[in-house]
Amino acid sequence: MPDTQRQKFPKQAMAGLPKYGAMKTKPFWMAPLLGLGLLLLLYPQTATARETKGADFFVAANGSDKSPGTREQPFASLERARDAVRKLKQAGLEKEILVLVRGGSYVLKQPIRFELQDSGSDAHSITYAAYPGERPVFSGRRAIKSRRQADGRWTASLPQVKAGNWFFQQLFVGGKRRPPAREPDQGFFRVAATGPDDHTSFQFKKNDLQRYSNLADARVVFLHDWSISRVGIKNINEKTNMVSFTDPIGSSGHSFFRITGFEQHPRYFVEHAPELLDTPGEWYLDRKQGVLSYVPRPGERIGQTTIIAPVLEQLLVVRGDCETGSQIKNLVFSGLTFSHCSGPNLPSGYAGIQAGFHEPRSGARGRSRMPAAVVLENAFGCRFENCRISHVGGTALSLEGACEQNRVVGNQIFDVGGNGVMAGGQSTSLQLLAKNNLIANNHIHHCGATYYGCVGIWGGITEGTVIAHNEIHDLPYTGVSIGWMWNTNPTPCKKNVVEYNHIHHVMQVLSDGGGIYTLGRQPGSALRGNLIHDVPLNAGRAESNGLFIDEGSSELLIEQNTIYNIERSPIRFHKASADLVRNNILVASKGIPTFRFNATDPKTITFKANTEVLAEKWKPPTPESTKAGLEAHYRRRRLVNDQGRK
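Residues numbered from 1 in each chain as written. Predicted model: local features only at pLDDT ≥ 70, side-chain atom pairs only at ≥ 80, totals over all residues. Heavy atoms only, no water.

**With respect to the state of the cysteines**
- Counted according to the given criterion, the structure contains zero disulfides.
- Here Cys-322 is not disulfide-linked; the sulfur of Cys-403 is the nearest cysteine sulfur, at 9.2 Å.
- We classify Cys-322 as partly exposed; its relative accessible area is 38%.
- The thiol sulfur of Cys-403 is not disulfide-bonded, and the nearest other cysteine sulfur, from Cys-382, lies at 7.8 Å. (Disulfide = S-S within 2.5 Å. Buried < 20%, exposed > 50% of the residue type's maximum accessible area, 1.4 Å probe, protein only.)

Here it is in structure tokens:
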């Protein structure tokens, strides 16, 4: 429609729109970046610009915690170095402190924890960084070594499992995530018909399921439009082709999560039963006998191929005092790798609501947060940079509570069961508000490996969050999700910026999302300069889009984005209003509308100077020409890292 038919965009929504290019030079970002700290932004190998001999303490995998922590006699653990820093601080923190960590593997028995007493000061930071040219790996793993080979399978006896002290849901073989035994091996079954209450049973097609020998451990994974349920099996009747469940499918608080809430014949698959172990790369864990069985892939050799299962649910926790609101300050983690931790322990299954938030199955109402391998809670001015998080079962990194002015920059995050990065929470309390955090130049991909409804980067009720210059790809659901209110009620959520990200090959499994997904009223917020492409045709009921401006999304500025190769509309509005959409390049195939309006009056959206292009006449740009994606230095690092990543 012509601009004259659109309502005028509210002035208050235009006020104070932040930009990454401007914000990254503002005092609150730059105050900590003095001396060594500034160099840490550039490259992890420069973490020792004042020479390694100037480091205060050293850590090495072959060190000893009884040693003095020198280069010649290093500590063996990061916890021992942390304690040494505590003692050093007793006289007052009058300089930057640097702990260098040598390469190698550090197997953790418990998460590494930093508390208020471990803070830097307003003037000086405390840095834990990789030794130049080396890669220290902190792992919550347990290696599985005792194996036998018979009938084309490897088996290992695990006494801890048999004793009931360990039950894992992820397995990594030769550095790769392997799926539990499942059927079908690829794709999904379809529900034939729902049961009487549309929550606790359904009819399956003949021969899709059978009465498995371990119903107590087997699970049905059920796909809703934008989330999943993982439920235990109560009974399978092969005569009537009916399966019933120990818990309801879907959240009990929302009627649309019933079995036929989105479509009459939804998708599902079954996993973790011995009868399903028939494909190379699959595994099955017999909880009663304490035996792991694995079907090796071509080229894997028993005794030569590593098999790793996670033990810990968290690896690094940096936490202020949540009761008093006191924040832990000015800690820096650079060049470190965190790998191998489990997902949430959910004996009664999983009822996903959105973005990894799920319903407790004990009868309690509410939403539980997906646990994270790395947690910063009530943290101020901390930096997590040039690190790697991989092979984890839940979320990779989470900023929680009153987190302010923290930086998550230049990291590699991949092979993640849940979300890549989370910032903020569900609460509208100002005391718990995450503010002015930066998430930039991260390479985030292959997240949601277990929990398909998870996203690359999630921002909830948050103010001033900047999500910029990330590359995000290969996800089952949305790339970036920002906002957490399903109406236009005022909340502290405002002045958030999602700009110059390169988001592609998302929405690969679920539906009703997009490259970027928004919720709620967010005055002063912007989606700017993003390059979004390769969003396939929705497999569920609702379509997927480049931008999905969902319920309550209002007072947003949407500008200068380039969106192409989207099977449905590049931009969709649902119960949205008072947004300004200008100067975007939007590519759609013939017969596909550029904009789709669901329960949205088009007159409430202002459109200016957008370019609409037919896909047949479109030549895709490079990320560099649009300024989207990783900036030059981080792009070069990505090429190097991709060559060496396992």
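After that view of the structure, there is still more to cover.
**Brief notes about helix α5 (residues 78-89)**
- Its 12 residues place the ends of α5 16 Å apart at the C-alpha level, agreeing with the 16 Å of an ideal helix rising 1.5 Å per residue.
- Buried within α5 are the following residues: Leu-78, Glu-79, Ala-81, Arg-82, Ala-84, Val-85 and Lys-89.
- The secondary structure elements touched by the buried residues of α5 are β1 (57-59), β2 (97-101), β4 (112-114), β5 (126-130) and β6 (136-139). (Helix = DSSP H or I, 4+ residues; strand = E, 2+ residues; numbered from the N terminus. Expected span 1.5 Å × (residues − 1). Contact = heavy atoms within 4.5 Å.)

**Section: the packing of aromatic side chains**
- Per the stated rule, a full pass over the model turns up 34 aromatic pairs.
- For the pair Tyr-106 and Phe-138, a centre-to-centre distance of 4.9 Å together with 25° between the ring planes defines the contact as stacked. In this pair, Tyr-106 sits in strand β3 (residues 104-107) while Phe-138 sits in strand β6, placing the two residues 32 residues apart along the sequence.
- By relative accessible area, which is 6% here, Tyr-106 ends up buried.
- Ring geometry for Tyr-350 versus Tyr-451: centroids 4.6 Å apart, planes at 50°, classification tilted. Here Tyr-350, found in strand β27 (residues 350-354), pairs with Tyr-451, found in the loop between β39 (443-445) and β40 (457-459); they are 101 residues apart in sequence, far enough to count as distant. Each of the two residues, Tyr-350 as well as Tyr-451, counts as buried. (Phe/Tyr/Trp six-rings, centres within 6.5 Å; stacked < 30°, edge-to-face > 60°.)

**Digging into the confidence of the model for the protein**
- Confidence along the protein averages 91 in pLDDT terms, with 91% of residues attaining 70 or more.
- Low pLDDT, under 50, characterises residues 1-19; the predicted model gives this stretch 44 contacts beyond four residues in sequence or across chains.
- Note on residues 21-50: pLDDT is under 50 here. Beyond four places in sequence and across chains, it has 69 contacts. (pLDDT = per-residue confidence, 0-100.)

**Structural notes on the pattern of salt bridges**
- Counted according to the given criterion, the structure contains 23 salt bridges.
- Note that Asp-83 and Arg-86 form a salt bridge whose closest N and O atoms lie 3.5 Å from each other. Taken as a pair, Asp-83 and Arg-86 lie in helix α5 at a separation of three residues, close to a single helical turn.
- The shortest N-O distance in the salt bridge between Arg-230 and Glu-271 comes to 2.7 Å. Placement of Arg-230 in strand β17 (residues 228-237) and of Glu-271 in strand β19 (residues 267-271) is noted, with a sequence separation of 41 residues between them.
- Ionic contacts of the salt-bridge type, sharing partners, join the residues Arg-82, Asp-83, Arg-86 and Asp-118 into one network. (Salt bridge = Lys/Arg side-chain N within 4 Å of Asp/Glu carboxyl O.)

**Topic: the sheet that holds strand β20 (residues 283-286)**
- Taken together, the four strands give an open sheet; going across it, the order is β8-β9-β21-β20, and neighbouring strands pair in antiparallel fashion. Taken across any chain shown, the strands that pair with only one partner, and hence form the sheet edges, are β8 (148-150) and β20. The mean angle between the axes of side-by-side strands here comes to 25°, regardless of whether they run parallel or antiparallel. (Pairing = 2+ DSSP bridges. Axes fitted to C-alpha atoms, helices over the stretch in contact; angles between N-to-C directions.)

**A closer look at empty space enclosed by the protein**
- Counting across every chain of the model gives three cavities of 30 Å³ or more.
- The calculated volume of the largest cavity comes to roughly 70 Å³.
- Taken together, Gly-410, Asn-411, Gln-412, Asn-441, Asn-442, His-443, Leu-630, Tyr-634, Arg-637, Arg-638 and Asn-641 make up the lining of the largest cavity.
- It is helix α8 (residues 632-644) that provides the largest number of residues to the lining of the largest cavity, a total of four residues. (1 Å grid on protein atoms, 1.4 Å probe; cavity = no way out; pocket = protein on both sides within 12 Å on 5 of 7 lines; lining within 4 Å. Points joined across faces, edges and corners; volume = space filled by probe spheres on them.)

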